[in-house]
Amino acid sequence: MSSPRLKPCLLALGLLFAGNLHAEAPRQTKPAQGKNSAVPLNSAQLLAQMLLSEIALARGLIDDAAFGYNDMARRSGDPRIQLRANEIDLARLLLLMQQNPDDAEETLRKLLAEQPAGRERLILQLPGLYGRNSDKAYVLRTVQKLLQPYQSMAEAHFSEALVQRDIKDPSASYAAALRAHRLKPDWEPPLLLLADLAGDAQREEVSALLATYLQRNPRAHDLGIAQIRLMLQGQQKAEARETYLRLIQTPPERPEVAFALAGVALEFNDLANAESLLEKLLEQNWGEADRLQLILGQIEAERGNTAKAIQTFDGVAPGPHYVNAQANKARLLARNQQLPEARAGLAAARRAMPEERAAIGLQEAQLLREQGDQRGALAVLEEELKLQPDHVDVLYDAALLAEQLGKPALMEQRLRRILNLKPDHAHALNALGYSFADRNQHLDEAEQLLTQALQLAPQDAAILDSMGWLRFRQKRFDLAEPLLRQAYALFPDPEVASHLIEVLWSAGKRDDARLLWQENTTRNPANELLTRLGKRLGL
């Protein structure tokens, strides 16, 4: 067994097995002394045996390394050596799972049965141990068999919930997490998982569980944030804000929770508290400094402090957040009537990160679009396509711009190219299908395209709207109305509203059409689409 093969397993170990698992190793290949006959080791002997064990590990002799460390742990009683012994034991287990899963299952069963002190921790590590196995049905069966004797333990149900989540069975995952919570009501992880899994049907139940927990533990910021998310999803904005104001009174100790709370503060436009939390994280050198700088720059931009925002964006170095920072800077310059400077900055960004030139080109095109220069935006994307003719995102944006500029043939060419490259591109399918429906052409092909798009993204408001509009073109008003109502409920946009108004009017439901038009023109009095529709229908 070679050393390179061992190293990835040990790397995974650092992620999966933090902490001390008080469990003995799987059965050794060498005889171990009885506990009572163990002779203590002095410092020199410990150092020598440790060195020999590490050399064995480096050479891939993991059984020898495990024997050496377990012997040292038994004879020294040093918890640090016990931790290292447990790490190596679990590394052996990972290798065994790769080489012989059945033997690994039996080893795990024995460890769980024979080592009660480490049982809880090992149970919680099962999803990570089996996470690399692509046969998810096998993983679920195996984990359920291993956990069967421990159904009185909340950790067993939580571990199963994680496996069920990983195999994309949210209902089963929710049920298992709920069982874990009922067995150990003051344990936070099942509640966090329930909040993450909760859909419309479960939201009220989970909110009640979170409220009960937060009454007893008002400083549980991560659960408070989960409660706020659920409230916002349920359109309970006042209650969510009230919960937020309670949480912000006592800043969280854990930096990752402070970062999440800063995000909530921004949702409530509490720029001062968001800034304070993020600046403290910067002082603590937590996370990606450039990411924090980017958000702080956006806060300054929101306040109208253009110069300070630009200075903050310039502090973001080339890397994963650089393009976003430069795009924000360019947008501020353009709004300040400095479009040439904005474009020059994006050109400099291309030189700084040539591998991101397509992403920067998309940002420049968006900037020009916002300035009303669709032709200039399309020219930027066409230049990018000369260098990267198969870049899907550039092709898609170029197609939409071509349609806006009255170039349907170019739009169709670009979208068909995308579908050749990526046949399951739901938005390209939708764009081409909607274009045909809107122009009342090729309706049979439009139906094929939109049916495929809807299968890929059944809750996408834009695709539902397109299919509803196609049914209108086909004079299937009975099918068009529910689709458009569903789209409008998901995304009450003036264009979706105009389609629904048109269908209601054509179906003879003119009072409903008039009422919907009035509601939307009140919210969007300057919308040209609604104005033209009202004049045409006499609303």
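Residues numbered from 1 in each chain as written. Predicted model: local features only at pLDDT ≥ 70, side-chain atom pairs only at ≥ 80, totals over all residues. Heavy atoms only, no water.

A closer look at helix 2 (residues 43-58)
Owing to its 3.6 residues per turn, the α-helix aligns residues three or four sequence positions apart on the same side. Under the 1.5 Å per step criterion, the end-to-end length of helix 2 is 22 Å for 16 residues, consistent within 8% with the ideal 22 Å. Buried within helix 2 we find Leu 46, Gln 49, Ser 53, Ala 56 and Leu 57. Taken around the axis of helix 2, the buried residues stretch over an arc of 100°, which confines them to a single face. The outward face of helix 2, more than 90 degrees from its buried face, is lined by the exposed residues Ser 43, Ala 44, Leu 47, Leu 51, Leu 52 and Ala 58. Positive phi appears at Gly 60, one or two residues downstream of helix 2, with a value of about 85°. (Helix = DSSP H or I, 4+ residues; strand = E, 2+ residues; numbered from the N terminus. Expected span 1.5 Å × (residues − 1). Buried < 20%, exposed > 50% of the residue type's maximum accessible area, 1.4 Å probe, protein only. Arc of directions from axis to C-beta.)

Some remarks on the nonpolar core
Within the largest apolar cluster, 59 residues are counted, with the highest numbers of intra-cluster contacts made by Leu 381, Leu 415, Leu 432, Leu 470 and Ile 501. It is helix 24 (residues 426-438) that contributes the most residues to this core, eight residues altogether. Contacts of Leu 432, omitting those with residues within four sequence positions, involve Met 411, Glu 412, Leu 415, Arg 416, Leu 419 and Leu 449. (Core = buried A, V, L, I, M, F, W, Y, C linked by side-chain atoms within 4.5 Å. Contact = heavy atoms within 4.5 Å.)

Comments concerning the packing of helix 14 (residues 255-267) against helix 15 (residues 271-283)
The N-to-C vectors of helix 14 and helix 15 enclose an angle of 155°; their axes lie 8 Å apart at closest approach. When the axes of helix 14 and helix 15 are compared, the pair comes out roughly antiparallel. Between helix 14 and helix 15 lies a crossing whose hand is left-handed. Across the interface between the two elements, Pro 255, Ala 258, Phe 259, Leu 261, Ala 262, Ala 265 and Leu 266 from helix 14 touch Leu 271, Ala 274, Leu 277, Leu 278 and Leu 281 from helix 15. (Axes fitted to C-alpha atoms, helices over the stretch in contact; angles between N-to-C directions. Parallel < 35°, antiparallel > 145°, perpendicular 65-115°, else oblique. Left-handed = near helix turned anticlockwise from the far one by under 90°.)

Focus: the layout of surface pockets
Within this model, the second largest pocket holds a volume of roughly 450 Å³. Looking at the second largest pocket, it is lined by 17 residues, and the ones nearest its centre are Glu 403, Asn 430, Tyr 434, Asp 465 and Glu 495. Among the secondary structure elements, those contributing two or more residues to the lining of the second largest pocket are helix 22 (392-404), helix 24, helix 26 (461-473) and helix 28 (494-506). By residue number, the principal contributor to the lining of the second largest pocket is helix 24, which donates five residues. Its residues assigned to classes, the lining of the second largest pocket shows eight nonpolar, four polar and five charged. (1 Å grid on protein atoms, 1.4 Å probe; cavity = no way out; pocket = protein on both sides within 12 Å on 5 of 7 lines; lining within 4 Å. Points joined across faces, edges and corners; volume = space filled by probe spheres on them. Nonpolar A, V, L, I, M, F, W, Y, C, P; charged D, E, K, R; others polar.)

Points about the packing of aromatic side chains
Inspection of every chain in the model, using the stated rule, returns five aromatic pairs. Note on Phe 158 and Trp 187: the rings are 5.2 Å apart at their centroids and 65° apart in plane angle, and the pair reads as edge-to-face. Residue Phe 158 is located in helix 8 (residues 154-166), and its partner Trp 187 is located in the loop between helix 9 (170-183) and helix 10 (188-197); the two are separated by 29 residues in the primary sequence. Take Phe 158: its relative accessible area is 10%, and that puts it in the buried class. According to the relative accessible area criterion, Trp 187 is buried, its value standing at 17%. With centroids separated by 5.9 Å and ring planes inclined at 35°, the aromatic side chains of Phe 472 and Phe 477 adopt a geometry described as tilted. Through successive ring pairs, a cluster of aromatic residues spans Trp 469, Phe 472 and Phe 477. (Phe/Tyr/Trp six-rings, centres within 6.5 Å; stacked < 30°, edge-to-face > 60°.)

Observations concerning the environment of Leu 529
You can see Leu 529 is positioned in helix 30 (residues 528-537). The spacing of Leu 529 and Ser 498 is 31 residues in sequence and 7.4 Å in space, taken between C-alpha atoms. Other than its neighbours up to four places away in sequence, Leu 529 contacts Pro 494, Glu 495 and Ser 498.

Section: empty space enclosed by the protein
The tally for this structure, following the rule as stated, stands at two cavities of 30 Å³ or more. There is about 50 Å³ of room inside the second largest cavity. Taken together, Pro 127, Tyr 130, Gly 131, Lys 136, Val 139, Val 163, Asp 166 and Ile 167 make up the lining of the second largest cavity. Grouping the amino acids of the lining of the second largest cavity by side-chain chemistry returns five nonpolar, one polar and two charged.

In short, shape yes, function no, at least from these values alone.
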